[in-house]
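Listed below, chain by chain, are the residues.
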Amino acid sequence: MTRYYTVTTPEEGKDGKTRFHKIGVAFPQKPDAKSFLTIQLFAVPVTGQLVLFEPKPDGQGDAPALVE
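These remarks concern the structure in this document.

Criteria and thresholds
- Residues numbered from 1 in each chain as written.
- Predicted model: local features only at pLDDT ≥ 70, side-chain atom pairs only at ≥ 80, totals over all residues.
- Heavy atoms only, no water.
- Helix = DSSP H or I, 4+ residues; strand = E, 2+ residues; numbered from the N terminus.
- Buried < 20%, exposed > 50% of the residue type's maximum accessible area, 1.4 Å probe, protein only.
- Pairing = 2+ DSSP bridges.
- Axes fitted to C-alpha atoms, helices over the stretch in contact; angles between N-to-C directions.
- Contact = heavy atoms within 4.5 Å.

Let's talk about the environment of H21
Of note, H21 is situated in strand β2 (residues 18–28). Residue H21 is classed as partly exposed on the basis of its relative accessible area of 37%.

Here's the deal with the sheet that holds strand β1 (residues 5–12)
Spatially, the 4 strands line up as an open sheet ordered β3-β2-β1-β4, and their pairing is antiparallel. The two strands at the open ends of the sheet, each matched to only one other strand, are β3 (37–41) and β4 (51–53). Direction aside, the axes of adjacent strands within the sheet are offset by 40° on average. The pairing of β2 with β3 spans 5 bridges and is classified as antiparallel. Bridge pairing in β3 links G24 to L41.

Looking at the side chain of T8
Looking at the secondary structure, you find T8 in strand β1. Residue T8 is classed as buried on the basis of its relative accessible area, which comes to 5%. Apart from residues no more than four positions distant in its own chain, T8 is found in contact with F20, H21, K22, I23, Q49, L50, V51 and F53.

So, the pairing of β1
Judged from the 8 bridges that link them, β1 and β2 form a sheet pairing that is antiparallel. Opposite T6, over in β2, you have V25 as the bridge partner. Between β1 and β2, which pair antiparallel and follow one another directly, the connecting turn spans 5 residues, one of which, G16, has a positive phi of 90°. Of the strand pairs in this sheet, β1 and β4 are connected by 3 bridges, and their pairing is antiparallel. Note that in β4 the partner of T8 across the bridge is V51.

Structure, rendered in structure tokens:
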């Protein structure tokens, strides 16, 4: 099971390519929890769209600590 997901928001560039800006992190909950994910955003997406990706396999960009 993935330990965390990178939360991004898509933005289309002038060249027509979609770029994803990291705006947060999502942590899966334990199997017996009532919720599925805890999502912490560091920015609010203007479009309202969130896209979650698994972390890159090379370990770049470790997940930030969850602030409670």
